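Overview (structure and organization)
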Amino acid sequence: MTSRWWQDAVVYQVYPRSFMDADGDGVGDLPGLISRLDHLADLGVDAVWLSPHYRSGGVDNGYDVAHYRAVDPQFGTMADFEALAAGLADRGIRLIVDLVVNHTSDQHPWFAESRKGRESPFRDYYIWRDGKDGGPPNNWPSIFGGSAWTWDEGSGQYYLHLFAPGQPDLNWDNPAVRGEVHEIMRFWLDRGVAGFRMDVIAFVSKPPDLPDLSVEQLQTPQRAYANGPRRDEYLRELHDLVLAGRDAVAIGEAFGVSAEEAAALVDPERRELDMVFTFDLVDLPREDRADDWTLPQLKSVLSRLDRAGGARGWNSFYLENHDQPRAVSHFGDPDPRWAPASAKTLATLLMSQRATPVVYQGQEIGMTNYPFGSIEALQDVAARARWVRDVESGRRPAEAVLNSLRWRSRDNARTPMQWTSGPNAGFTTGRPWLAANPNAAAINVEAQSRDPNSVLAHYRRLIALRRAHRGLVHGAYRDLDPNHERLIAYLRDERYLVLLNFSREPVDFSAPRGVTPAQLLIASDGEPENTGGAVRLQGWQSAVYRL
Ligand code: ISL
């Protein structure tokens, strides 16, 4: 069986702003990241996905690009980027960069030109329309809240932004825009990058007449935005003109695309994307509640996601990223007594899927959500916009919105990486742009590196195990007990048995006929009792057996 390198890889996501600060300005940077590359090598990952390192307008932490061929001065220089690429290559780790081309920053020179007026040669790089009935051209909402249209006084029209006003959407129907995107991709490929994580890539095609969304579509506008008429054509063009023949990976962030629809996007015959990030799992709990899901529901999503690779395709799998709560707080048990055990069980889940696992920085030590006390403590543009929309307008009580943000805000994932128990978790010698979690005293890389029972040690062992057993990468997935309320039990390749206790109480697994857990390959928190026919897992314990 031949496979592509990215199918056998474990990917690690770095959010450079929060990873490691070398110059003491409180913001992470590339020299900081370079100083920590041995941590990634020791973990055993094969590739790094670097969140945007480009010069940014500063509205959405890099997801608003002002210059696609320059490193943001806060992060360093092009020489630092080259040193990063070399340092990774020395360790056998590939570099995947973020590609944010649904929109630019409003500080991008194209937009500065575009807004000069209707005659500007760059006018058509963006989506400008006249208003309707004294208001915006249609009822489209921004994903961050409010209208997706902003009035531009100077040129007398509205421009479209599916995210913040500082993130105007590019007009992909203009071939010149697509040509620019292709050139940007070639520029970075020529600098040795191994592929792209493509931000909200399913949004790039808009219906030319921009019709209003129905009341039902307004519930989840991302679904409408992700299904534009020329989406597949544009993705295929990227593939054929830029990626074909290079050994680079195209990972699409498929916001608004269901697991079932994802299967088509990654079908190799369609020549669009190699893998996508779907949202079915992270969106399982509703916005306001951490506990509003059941284990059978989660297992049904796992089975659907397993099919999302389709008959011929492949997929990625993640439990957290820079937009999501910490997995321990989201799906595990954040109580300090159970957080480490649940972090390990989630790790066993992540590393035993038939998909490319993506680990988000800090996940490998079981970082948790931050106890935000007030809206002032939150920095995220999405959190701020929600506050304006819901609280300042009087629609909802402040405490309710703060509670929701406390567990769901994207800033939970963006607090500094916890390196040591020292000041600011060892992230910076200055004042961090977002405060470090007070639990860094207990949860940090330094302490866990010395502890053979730590979350970090478990991640290292799991990654090594996955590398040694191809069946754990490529083998079929079969859920053995979809209805159990506390236990996840599945087979991989009909040869490996994965058992995960998602509760504090011990749980017994009685092996069905033909399934004999013969050899323990890995377990978290000690060895489960195994009588051959039955395995008893302790609270939040996990294990992988060879049959
Ligand atoms: O963050 C989200 C949920 O909390 C999503 O709504 C998010 O906006 C969506 O996944 C798109 O995300 C990507 O594009 C955004 C950027 O803010 C995110 O950080 C990025 O991952 C706009 O570029």
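Here the structure is a predicted model, which is why all the values come from computation and not from measurement.

A short note on the site of the ligand
Taken together, 17 residues surround the ligand, and among them Asp60, Asp199, Glu253, His322 and Asp323 come closest. Here an oxygen atom of the ligand and a side-chain polar atom of Asp199 are 2.7 Å apart. One of the side-chain nitrogen or oxygen atoms of Asp323 is found 2.5 Å away from an oxygen atom of the ligand. Of the residues contributing to the shell around the ligand, the split by class is seven nonpolar, three polar and seven charged.

A few points about the sheet that holds strand β10 (residues 249-253)
Pairing between the strands of a sheet is mediated by backbone hydrogen bonds and can be parallel or antiparallel. Ordered in space as β11-β10-β9-β5-β2-β1-β13-β12, the eight strands form an open sheet in which the pairing is parallel. Of all strands in the sheet, those bounded by a partner on one side alone are β11 (275-277) and β12 (316-318). Going across the sheet, the axis of each strand differs from the next one's by a mean of 25°, ignoring polarity. Judged from the three bridges that link them, β12 and strand β13 (residues 356-360) form a sheet pairing that is parallel. Across the sheet, Phe317 pairs through a bridge with Pro357, a residue of β13.

Observations regarding the sheet that holds strand β19 (residues 529-530)
Read from one edge of the open sheet, three strands run β17-β20-β19, paired in antiparallel fashion. Pairing within the sheet leaves two strands with one partner each, and these edge strands are β17 (507-510) and β19. Taken together, the four bridges between β17 and strand β20 (residues 534-537) define a ladder with antiparallel strand orientation. By the bridge assignment for β20, Val507 is matched with Leu537.

Re the pattern of salt bridges
Throughout the structure, instances matching the rule amount to 44 salt bridges. The salt bridge involving Glu272 is made with Arg270; its shortest N-O contact spans 3.0 Å. Overall, the relative accessible area of 3% leaves Glu272 in the buried class. Overall, Arg270 belongs to the partly exposed group, its relative accessible area being 25%. Residues joined by salt bridges that share partners form a network here, namely Asp60, Asp323, Asp380, Arg410 and Arg414.

Some thoughts on the domain arrangement of the protein chain
Partitioning the protein chain into structural domains gives domain 1 (15-104 + 175-368 + 438-462), domain 2 (109-160) and domain 3 (477-546). Summarising the inter-unit geometry, the C-alpha centres of domain 1 and domain 3 are found 29 Å apart. Across the domain 1/domain 3 interface, buried area totals approximately 2,200 Å², and carbon plus sulfur atoms make up 60% of it. When residues of domain 1 are sorted by the area they lose upon contact with domain 3, Leu295, Lys299 and Thr345 head the list and together hold 27% of the total.

A closer look at the packing of aromatic side chains
Tallying each qualifying case throughout the model produces 27 aromatic pairs. With a centroid separation of 4.8 Å and 70° between ring planes, the pair formed by Phe81 and Trp188 is classed as edge-to-face. Here Phe81, found in helix α3 (residues 78-90), pairs with Trp188, found in helix α5 (residues 175-189); they are 107 residues apart in sequence, far enough to count as distant. Overall, Phe81 belongs to the buried group, its relative accessible area being 0%. Note on Tyr477 and Tyr490: the rings are 4.7 Å apart at their centroids and 40° apart in plane angle, and the pair reads as tilted. A residue pair is termed long-range when its members are at least 10 positions apart, and Tyr477 in strand β14 (residues 477-479) and Tyr490 in strand β15 (residues 487-492) qualify at 13 residues.

A short note on the confidence of the model for the protein chain
For the protein chain, the average pLDDT comes to 96, and 99% of its residues sit at 70 or higher. At the level of individual helices and strands, the protein chain shows its lowest average pLDDT in helix α9 (residues 259-265), which scores 91, and its highest in strand β1 (residues 11-14), which scores 99.

A look at the pairing of β13
Taken residue by residue, a regular strand's side chains alternate between the two faces of the sheet. In terms of residue burial, β13 counts as a mostly covered element, since five of its five residues are buried. Of the two faces of β13, the one carrying Thr356, Val358 and Tyr360 and the one carrying Pro357 and Val359 are both buried. The sheet contact formed by β1 and β13 spans three bridges and is parallel. Bridge pairing in β13 places Val11 opposite Val358.

About the cut-offs
- Residues numbered from 1 in each chain as written.
- Predicted model: local features only at pLDDT ≥ 70, side-chain atom pairs only at ≥ 80, totals over all residues.
- Heavy atoms only, no water.
- Near = heavy atom within 4 Å.
- Polar contact = N/O pair within 3.5 Å; in protein donor to acceptor, adjacent residues only side chain to side chain.
- Nonpolar A, V, L, I, M, F, W, Y, C, P; charged D, E, K, R; others polar.
- Pairing = 2+ DSSP bridges.
- Helix = DSSP H or I, 4+ residues; strand = E, 2+ residues; numbered from the N terminus.
- Axes fitted to C-alpha atoms, helices over the stretch in contact; angles between N-to-C directions.
- Salt bridge = Lys/Arg side-chain N within 4 Å of Asp/Glu carboxyl O.
- Buried < 20%, exposed > 50% of the residue type's maximum accessible area, 1.4 Å probe, protein only.
- Domains from an automatic or database assignment.
- Buried area = accessible area lost by both parts, 1.4 Å probe.
- Phe/Tyr/Trp six-rings, centres within 6.5 Å; stacked < 30°, edge-to-face > 60°.
- pLDDT = per-residue confidence, 0-100.

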